[in-house]
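Spelled out from the first residue to the last, the chains are:
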Amino acid sequence: MGGIFFESSTGASHTEDFFVDDGGKDNKKKKRRSRRSKQNCTLSACSSASEICTDESRLLGDDSSSNHVVSSGHNQQEIECNVDLGSMPEVHLNKQVADENLKIRPSVSNVIHEEPDTVGPILIARPVDNHARRKVYPPHLSAEAVSKGLEEGGLLSAIFHVNAHNSLEAYCKIDGVQNDVLISGMMAQNRAIEGDTVSIVIDPPSLWPRMKGSNEIPNNPNSLQLQQALVQIGCDNACSSSNMVIQDNGAVQENGPVSCGDGFTDNGLSRDVYESMNTLEKLCTLVSLLPSKRPTGRVVAVMEKSPRRDNVVGFLSVKQWIYSRENKRRKSRKNKHQADVDDGIFLIPNDPKLTKMMVCVENLPGSVRKFLEAGDLTIESFLVAAKIVDWADESYIPEASVIQIFGRGSDIDAQIAAILFEHAIDASEFSSEALSLVPQIPHEELQSRRDLRNSCIFTIDPATASDLDDALSVERLPNGVFRVGVHIADVSYFVLPDTPLDSDAQSRSTSVYLLQRKLSMLPPLLSDNLASLNPGVDRLAFSIVWDIDSAGVILDRWIGRTVIHSSCKLSYEHAQEIIDGAFDAKNTKLYGQFEWCDVIKSVKSLHEVSKVLKENRFRSGALSLESPKIGFLFDEEGLPYDTVVTGRKDSNFLVEELMLLANKTAAEVITRAYPSCALLRRHPEPNARKLLEFEAFCGKHGLKLDTSSSVHMHNSLEQIREELKNDSSLFGILMSYAARPMQLASYFCSGDLKHNNGEWCHYSLAVPLYTHFTSPLRRYSDIVVHRTLAAVLDAEDNFRKARRRSRKKLTEREVVNGFLTGLRVCEEEVESVEAREALGVAAKKYGVFCAESLSVVAAHCNEKKLSSRRVKDAIDRLYMWALLKRKKILYSEARVLGIGPKFMSIYISKLAIEKRIYYDEVEGLKAEWLVATSSLLLNHSIHKRPNRKGSPSKFRPIDETAMIVSPIDLEIEKTNNLEPSVFPLTLHLLSTIPVALHAIGGDDGPLDIVARLYVSSYFH
């Protein structure tokens, strides 16, 4: 049932035109087919699976359906329709404003492209017998062939990602390779889904396209000779199939090695060395030799299916099915036989990275079938959950199964439920078994810990926070040194290994914040009560205490398990008021023996220390991409009514610096003790291609940016900040774009990567070792680190006892600071047999994961952390949509970020979002590119464009591009302070223009915010 064909259900009194791709030839043939005969009322006579009777751009939700493709093999050539902007450059910014005219189409033979028709629905999905159809896609390699290819180096594995603006363009990031690999077209993507782990082969370098923002190979004036040499020596196909050919049946055939001709040594690499490389090494070499080219490849197997396949959210498209059923019923009454209505219907996913899907009606839930039987189109306004059940190589699109209905798309609660489902967030209640395993705190436990209840300790958190992970303290010693303490909730005492509570926490992995509520990783009994560092009660903690001098140098440190008593709960606003000298303690409660003067003195001392630590950190190479955030103001019903721009202040940075220092310290200790099974966090270097685009963008506007290292990039951005001090809007845009080349930080097991290659490093923090230790109430990774640290402390204690039993003298360092947790360490002691034995025993006692298990845990934490981040972004977009829906229309200024042949990209600082405005093929709008001034001229045209008789207009109405108002109406209303622009409108990069924004979707499709030009004209 995986295959489908598309059945026409229009009336029988008109004709249609079809553009047929005749198997890869460059000529197009136009046919006319009469539908007057009842025998020709369907398209089911397609003779092969490749004869999918529809335009591919419709199946994918592509808006560039005016382009037609003539394909020949793997590399496609696109025939573009003429537009008014033919003389415009391809792009003026980056990937986000790529020219959509250059989308590469899949090389599916005999694809019939049908023009839109004005009479009724045209096509419906219908399941067919796969046995009668030929394959649409190349077969995937067998698991054995993939394993062999990966082992021998002929294949590479990577995570498959799709461009949200163009689903025909995907990419794979391969560890160790500077640039990601482009996977262009559905045939090259070969049924891979966003998030799949795929096996790919690399195309020959001669097929690699030039990267945007790159005009020539840097530092190599002989680039043409280099490329000619690469082809001559055989490197041109060494990456993809130098010794491996993939046959039609999926088998792998071995070939002899590719010979390299003379002259390769002229480029700095010997022929023998190159021939001995595997595919990854060759790819890295070629990328470094051809930095202006972007490598391309194709998928040959899906090794691990993405969880996204089981979490699809979208809308059902049933109009065509209902139209077809009624048509068949009319025919059946005439012919007096029962009509077969068991056809398929389309599922349109909300995520633009996913293709349309076919759902069999017979597999729909009963509630959905009731709507269909009644002919009720309101089912199209309901959000549904689905999963992909199959995508056979005979099927042009995947087959899906509907699981549940969330509710109407305009309902906020239904949207939130759909978001949580789509990202596999567990919102269920905690089991009674898990809750029953929360241990009590015996008196002996308090006595075994260092007692810090007589220290002035307090928390600084958001005002609404209820899960308090961290507390701070500071004491100024007689010699002027600051003794700074970071005290973290000792969650690992309550969440014991291999218990239902631990399994639940590991499965959820992180707390998820939904702006107005949270989904806790731990039961509220723990996260908000017993383990939370609430003021006025005794709490268990993991403490790190440093002695820090006035220059920010750490002189000594101590790490241990403690019992603390927080004096007060300060918000960031309270702490900022203390720093600014404007604190009013009337509405804040203080507990214990300390006075407000003690707390105020401590906050000011910590602020002084944090400033020095921050300066030292950036001097050492750290990078900051700080930019303002958008916050929402909610009414009593929980709906947003306005936005506010929020930014971090000194109180935020105070806490951040101390948390960074604690995380860095924990990483050093656990790696020293368990070098092969420590859970660390790394941040790779930025994406080279995107960094090049950003650097080119800055250069076009006279802004000097040095991206050679993180410290140089930070200094460059600070210099640009000073240059643009009078244009904060533009600097905010630059900071937003500066974050795009950055790759995601991730957890990893120390035994999986090589430390000496710099693979453990954290790029933006510029530190060799880093982990997460400071938020165990909301991150499972921190619990893992706490257990490892507890094992280190236990091993130190056992080591001391063993030394005493053997009557060996303990050094002062071993007695006071510990040979593993202290600042200065003797490697001989760490590597001694006694130390290793003590660490091994402690690892078993505290449930420290072995390297293999830790790798799995790290991968799961990465997945859940990314899902949590995506949920937050989706919730922000949801409330932004709800706000605009409430306001009807929002007028705002926007900056032009990029101009292309079809659309411009704009940035709305008020909402911190980027949108597109399309101006090609717009009725009543003329667009002209002015080469002399590198600007775009938009003008109102009163002349209607001619259309072929009987054919629908392919031009969109001008109201979709511009909100045009009469000057007379403006004088009457005066409800908006923003002045509209007027035609003719001249635009160039970074122009400021007025726009009108409004919300669309909800009951009639995915949520979106549309931006239009805001223009005044007497002629509209």
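Given the structure is predicted, the values throughout are model-derived calculations rather than measurements. (Residues numbered from 1 in each chain as written. Predicted model: local features only at pLDDT ≥ 70, side-chain atom pairs only at ≥ 80, totals over all residues. Heavy atoms only, no water.)

1. As for the overall build of the chain
Then, in step 1: Helices and strands together make up the secondary structure of the chain, namely 26 helices and 41 strands.
Then, in step 2: Per-residue burial for the chain yields a buried fraction of 54% across its 1020 residues.
Then, in step 3: Taking as baseline every contact in the chain between residues at least 6 positions apart, the subset at least 24 positions apart corresponds to 73%.
Then, in step 4: Accessible area of the chain: about 45,500 Å², with a carbon and sulfur share of 49%. (Helix = DSSP H or I, 4+ residues; strand = E, 2+ residues; numbered from the N terminus. Buried < 20%, exposed > 50% of the residue type's maximum accessible area, 1.4 Å probe, protein only. Contact = heavy atoms within 4.5 Å. Areas by Shrake-Rupley, 256 points an atom, 1.4 Å probe, with all protein chains shown as cover.)

2. Some words on the sheet that holds strand S17 (residues 357–360)
Then, in step 1: Taken in spatial order, the 5 strands line up as S15-S16-S17-S19-S18 and close into a barrel, and their pairing is mixed. Here the strands of the sheet are splayed against their neighbours by 55° on average, with no regard to which way each runs.
Then, in step 2: The sheet contact formed by strand S18 (residues 382–390) and strand S19 (residues 399–408) spans 8 bridges and is antiparallel. Its bridge partner being in S19, Ala 386 is matched across the sheet by Val 402.
Then, in step 3: Contacts from helix H10 (residues 412–422) reach strand S15 (312–317), S18 and S19, with the element oriented near 145° to S19. (Pairing = 2+ DSSP bridges. Axes fitted to C-alpha atoms, helices over the stretch in contact; angles between N-to-C directions.)

3. Focus on the pattern of salt bridges
Then, in step 1: Evaluated as defined, the whole model comprises 43 salt bridges.
Then, in step 2: One salt bridge connects Arg 561 with Asp 490, and the closest N-O pair in it is separated by 3.0 Å. One end of the pair, Arg 561, is in strand S27 (residues 554–571); the other, Asp 490, is in the loop between strand S23 (482–489) and helix H13 (500–508), with 71 residues separating them in the sequence. Of the two residues, Arg 561 and Asp 490, neither departs from the other in class, the shared state being buried.
Then, in step 3: As a salt-bridge pair, Asp 876 and Lys 872 come within 3.2 Å of each other at their nearest N and O atoms. Residue Asp 876 and its partner Lys 872 are located together in helix H25 (residues 851–887), separated by 4 residues, close to a single helical turn.
Then, in step 4: With a relative accessible area of 44%, Lys 872 lands in the partly exposed category.
Then, in step 5: Salt bridges here are not isolated pairs; linked through shared partners, they connect Asp 180, Arg 294, Arg 689 and Glu 693. (Salt bridge = Lys/Arg side-chain N within 4 Å of Asp/Glu carboxyl O.)

4. Focus: the packing of helix H19 (residues 710–723) against helix H20 (residues 728–738)
Then, in step 1: Put simply, H19 and H20 touch, their axes get as near as 10 Å, and they point 165° apart. When the interaxial angle is binned, H19 and H20 end up roughly antiparallel. The handedness of the crossing between H19 and H20 is right-handed. Across the interface between the two elements, Met 713, Leu 717, Ile 720 and Arg 721 of H19 pack against Phe 731, Leu 734, Met 735 and Ala 738 of H20.
Then, in step 2: For the contact of H19 with H20, the per-class residue count stands at 7 nonpolar, no polar and 1 charged. (Parallel < 35°, antiparallel > 145°, perpendicular 65-115°, else oblique. Left-handed = near helix turned anticlockwise from the far one by under 90°. Nonpolar A, V, L, I, M, F, W, Y, C, P; charged D, E, K, R; others polar.)

5. A word on unusual backbone geometry
Then, in step 1: Between Phe 983 and the following residue, Pro 984, the backbone shows a cis peptide bond with an omega angle of -5°.
Then, in step 2: With respect to the helices and strands, Pro 984 occurs in the loop between strand S38 (981–982) and strand S39 (985–987).
Then, in step 3: Positive phi values are uncommon outside glycine, yet Lys 888 reaches one of about 70°.
Then, in step 4: On the accessibility criterion, Lys 888 (63% relative accessible area) is exposed.
Then, in step 5: Despite not being glycine, Leu 990 has its phi angle at roughly 75°, a positive value.
Then, in step 6: Within the secondary structure layout, Leu 990 lies in the loop between S39 and strand S40 (992–1002).
Then, in step 7: Residue classification places Leu 990 among the buried residues on the basis of a relative accessible area of 14%.

6. Considerations on the side chain of Thr 562
Then, in step 1: The residue Thr 562 is located in strand S27 in this model.
Then, in step 2: Since its relative accessible area comes to 0%, Thr 562 is described here as buried.
Then, in step 3: Side chain to side chain, Thr 562 and Ser 543 meet in a polar contact 2.7 Å long.
Then, in step 4: If near-sequence neighbours (up to four positions away) are discounted, Thr 562 is found in contact with Arg 449, Arg 450, Leu 452, Arg 539, Leu 540, Ala 541 and Ser 543. (Polar contact = N/O pair within 3.5 Å; in protein donor to acceptor, adjacent residues only side chain to side chain.)

7. Topic: the packing of aromatic side chains
Aromatic rings in a pair are described by how distant their centres are and how their planes are angled relative to each other.
Then, in step 1: Using the criterion set out here, one finds 14 aromatic pairs in the structure.
Then, in step 2: Ring centres of Tyr 891 and Tyr 1014 lie 4.7 Å apart, and the angle between their planes is 45°; on these two criteria the pair is classed as tilted. With Tyr 891 in strand S32 (residues 890–899) and Tyr 1014 in strand S41 (residues 1005–1016), the pair connects residues that are 123 residues apart, well separated along the chain.
Then, in step 3: Tyr 891 sits in the partly exposed class, given a relative accessible area of 22%.
Then, in step 4: Among the aromatic side chains, those forming a connected cluster through ring pairs are Phe 632, Phe 634 and Tyr 879.
Then, in step 5: If you follow Arg 449 out to its NZ or CZ, it ends over the ring of Tyr 493, 5.8 Å from the centre.
Then, in step 6: One cation-aromatic arrangement involves Arg 450 over Trp 558; the distance from NZ or CZ to the ring centre is 3.9 Å. (Phe/Tyr/Trp six-rings, centres within 6.5 Å; stacked < 30°, edge-to-face > 60°. Lys NZ or Arg CZ within 6 Å of the ring centre and 35° of its normal.)

8. Re the pairing of S32
Then, in step 1: Burial runs high along S32: 8 of the 10 residues are buried.
Then, in step 2: As defined by bridge partners, S32 adjoins strand S33 (residues 903–908) across 4 bridges and the pair is classed as antiparallel. If you follow Ile 899 over to S33, its bridge partner there is Met 904.
Then, in step 3: Where S32 folds back on S33, the antiparallel hairpin that results is connected by 3 residues.

9. As for the sheet that holds strand S10 (residues 181–184)
Then, in step 1: Reading across from one edge, S10-S9-S8-S11-S14 is the order of the 5 strands in this open sheet, with antiparallel pairing throughout. Both edges of this open sheet fall to S10 and strand S14 (297–304), since each of them pairs with a single strand only. Geometrically, the sheet is characterised by an average inter-axis angle of 40° between neighbouring strands, direction not taken into account.
Then, in step 2: Here strand S8 (residues 156–163) pairs with strand S11 (residues 197–202) via 4 bridges, running antiparallel. From the neighbouring strand, Ser 157 faces S11, where its bridge partner is Ser 199.
Then, in step 3: Strands S8, S11 and S14 of the sheet are contacted by helix H2 (residues 143–152), whose axis makes an angle of about 115° with S14.

10. Here we look at a nonpolar patch on the surface
Then, in step 1: A cluster of nonpolar side chains, namely Ile 942, Ile 968, Tyr 1018 and Phe 1019, defines an oily patch on the protein surface of about 550 Å² accessible area.
Then, in step 2: Relative to the helices and strands, Phe 1019 is located in the segment after S41.
Then, in step 3: On the basis of relative accessible area, Phe 1019 is assigned to the exposed category, the value being 66%. (Patch = residues over 30% accessible without salt bridge, like charges linked within 9 Å, V, L, I, M, F, W, Y side chains within 5 Å.)

11. Points about helix H16 (residues 596–619)
Then, in step 1: Its 24 residues place the ends of H16 35 Å apart at the C-alpha level, agreeing with the 34 Å of an ideal helix rising 1.5 Å per residue.
Then, in step 2: Positive phi shows up at Gly 621, right after H16, with a value of about 120°. (Expected span 1.5 Å × (residues − 1).)

12. Section: the side chain of Ser 892
Then, in step 1: Checked against the element boundaries, Ser 892 lands in strand S32.
Then, in step 2: On the basis of relative accessible area, Ser 892 is assigned to the buried category, the value being 6%.
Then, in step 3: Each residue touching Ser 892, except ones within four places of it in the same chain, is listed here: Ile 908, Lys 910, Leu 978, Ile 993, Pro 994, Val 995 and Leu 997.

13. Notes on the confidence of the model for the chain
Reading fine detail from the predicted coordinates is not recommended where pLDDT is low.
Then, in step 1: Mean pLDDT over the chain works out to 81, with 77% of the residues at or above the 70 mark.
Then, in step 2: Predicted confidence in the chain is weakest over strand S2 (residues 15–20), with a mean pLDDT of 31, and strongest over S23, with 98.
Then, in step 3: Note on residues 1–131: pLDDT is under 50 here. Beyond four places in sequence and across chains, it has 363 contacts.
Then, in step 4: Across residues 240–252, where pLDDT falls below 50, the model places 35 contacts with residues more than four positions away in sequence or in other chains. (pLDDT = per-residue confidence, 0-100.)

14. Looking at the packing of H13 against H25
Then, in step 1: At a minimum axis separation of 8 Å, H13 and H25 run at an interaxial angle of 55°. Relative to H25, H13 is oriented oblique. Residues Gln 506, Ser 507 and Arg 508 of H13 pack against Val 857, His 860 and Lys 864 of H25.
Then, in step 2: When grouped by side-chain class, the residues that make up the contact of H13 with H25 number 1 nonpolar, 3 polar and 2 charged.

15. With respect to the state of the cysteines
Then, in step 1: The tally for this structure, following the rule as stated, stands at 0 disulfides.
Then, in step 2: Not part of a disulfide, Cys 456 finds its nearest cysteine sulfur in Cys 568, a span of 7.0 Å.
Then, in step 3: Looking at Cys 677, it has no disulfide partner, and the nearest cysteine sulfur is the one in Cys 749, 6.6 Å off.
Then, in step 4: Judged by its relative accessible area of 13%, Cys 677 falls in the buried class. (Disulfide = S-S within 2.5 Å.)

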